[in-house]
Amino acid sequence: MEDRPVASTGSEKAQQLYPAQRAYWGGRGFHSLVFSPLRGPSEASIIPRPTSSDLYHHQHQAVAKMVVKVYIVYYSMYGHVEKLAEEILKGANSVEGVEATLYQVPETLNEEVLGKMGAPPKSAVPHILPAQLADADGLIFGFPTRYGMMAAQFKAFLDATGGLWRTQALAGKPAGIFYSTGSQGGGQETTALTAITQLTHHGMLFVPIGYTFGAGMFELDAVKGGSPYGAGTFAGDGTRQPTKLELEQAFHQGKYTAGITKKLKTGSI
Ligand SMILES: Cc1cc2nc3c(=O)[nH]c(=O)nc-3n(C[C@H](O)[C@H](O)[C@H](O)COP(=O)(O)O)c2cc1C
């Protein structure tokens, strides 16, 4: 006889579970253990039912213990994006229950080319493998602009995420974006906007910061990078460093995105 459930009701149905299901529920149907109106008093009737306050207590404890993982993943050739990343890390870690980690993506250029481009040695921040992205509850991606869009090093990293795409392992994960350009009008918004296609194909949820940073968003007297898409800075000829306000916006983005990630994972803020 074929070993599969047939149309039936009540305890009969419970006896006809797949072998694997039977094994899972200890060799007996789950329904026969919990609901057995025709079998008189059973083990189920002597197990005290949890009260709603027990359930609340257990859920509350589970949420309190749950670690929310936020990965800040970036590429930086001259250190500007890395400075923003460090502030984003602080902001994300300021949210209770959040454990944020910095990762950089691997370099694709050789030492000779990097030398000609005047790139300093890389920091000690560890490299990430594409598969590790799946371990994060939330992601914040950062890169410098190359001709108005993300640097090829970051694109090469994302091009290696085909396995994650196939299983849609990143779908539903919140993700933010931050960036650095050389000049004003050099691509702050276009860099973020064109990066959204990457999130979209993975099914990730783009988390812009909007105007939640407040008054700093309207700064016009001093040069300020960043936008509703995310934190940003201007490198200029390379000597300009992120300003206090740009770093504050980066901190804000970390805190804000970590808060959204926590809310999505635990249902609480
Ligand atoms: C090949 C190349 C293309 C670039 N294209 C742009 C650009 O389109 N717009 C811009 O403002 N800056 C551009 N830049 C400047 C970089 O964005 C700048 O070096 C970077 O923001 C510095 O960030 P980092 O210190 O994290 O590497 C370009 C730089 C290189 C090397």
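Residues numbered from 1 in each chain as written. Predicted model: local features only at pLDDT ≥ 70, side-chain atom pairs only at ≥ 80, totals over all residues.

Cut-off, in case you're wondering: UniProt positions are given in the numbering used here, feature names are shortened, and annotations may be inferred rather than shown by experiment.
The protein chain is annotated in an unreviewed UniProt entry as NAD(P)H dehydrogenase (quinone) of Riccia sorocarpa. UniProt, in the comment section headed Sequence similarities (unreviewed entry), describes the protein chain in these words: "Belongs to the WrbA family."

**Regarding the nonpolar core**
As a reminder of what qualifies: Only buried residues count toward a nonpolar core: Ala, Val, Leu, Ile, Met, Phe, Trp, Tyr and Cys, linked into one set through C-beta atoms within 7 Å. With C-beta atoms placed from the backbone, a residue counts as buried when 20 or more other C-beta atoms lie within 10 Å of its own, as exposed when 12 or fewer do, and as partly exposed for counts between those limits. Elements are defined by DSSP. Helices are runs of H or I of four residues or more, strands are runs of E of two residues or more, and each kind is numbered from the N terminus. Any two residues are considered in contact once their C-beta atoms, placed from the backbone, lie within 7 Å.
Counting residues in each nonpolar core, the largest one holds 46 residues, and the members touching the most others are Val70, Ile72, Ile88, Ala92, Phe141 and Phe143. Among the secondary structure elements, those contributing two or more residues to this core are strand E1 (68–74), helix H6 (80–93), strand E2 (98–104), strand E3 (138–146), helix H8 (152–159), strand E5 (174–181), helix H10 (188–202) and helix H11 (244–266). Residues contacting Phe141, with those up to four places away along its chain left out, are Val73, Tyr74, Ala175, Ile177 and Ala195.

**Section: unusual backbone geometry**
Within the chain, Tyr147 stands out as a residue other than glycine whose phi angle is a positive 50°. For Tyr147, a count of 9 C-beta atoms within 10 Å translates into the label exposed. Within the chain, Gln168 stands out as a residue other than glycine whose phi angle is a positive 55°. When you line up the elements, Gln168 lands in the loop between helix H9 (162–167) and E5.

**Thoughts on the site of the ligand**
Quick reminder of the rule: The rule is simple: place the C-beta atom from the backbone, and if it lies within 6 Å of a molecule or strand, the residue is near it. All residues other than Ala, Val, Leu, Ile, Met, Phe, Trp, Tyr, Cys, Pro, Asp, Glu, Lys and Arg, Gly among them, are scored as polar; the first ten of these are nonpolar and the last four charged.
The local shell around the ligand holds 18 residues, among which Tyr78, Pro144, Thr181, Gly182 and Gly186 are the closest. Looking at the shell around the ligand, the elements with two or more residues in it are H6, E3 and E5. Take the shell around the ligand: its biggest share by element is three residues, from E3. Grouping the amino acids of the shell around the ligand by side-chain chemistry returns six nonpolar, eleven polar and one charged.

**Some thoughts on the pairing of E5**
Here is the rule: Following DSSP output, two strands are said to pair if at least two bridges run between them.
The buried fraction of E5 amounts to eight of the eight residues, a majority that puts the element mostly inside the structure. Because side chains alternate across E5, one face comprises the buried residues Pro174, Gly176, Phe178 and Ser180, and the other comprises Ala175, Ile177, Tyr179 and Thr181, equally buried. Pairing between E3 and E5: six bridges, direction parallel. Bridge pairing in E5 links Phe141 to Ile177. In the sheet, E5 pairs with strand E6 (residues 205–206) via two bridges, with the strands oriented parallel. Bridged to Pro174 within E6 is Leu205. As judged from the three bridges shared by E5 and strand E7 (residues 232–234), these two strands associate in the parallel manner. Counterpart to Ser180 in the pairing with E7 is Thr233.

**Focus on the environment of Tyr211**
Here Tyr211 shows up in the loop between E6 and E7. The class for Tyr211 is exposed, based on 12 C-beta atoms found within 10 Å. Residues Tyr211 and Tyr229 lie 18 residues apart in sequence; the distance between their C-alpha atoms is 9.2 Å. Leave out the neighbours within four places in its chain, and Tyr211 touches Met217 and Pro228.

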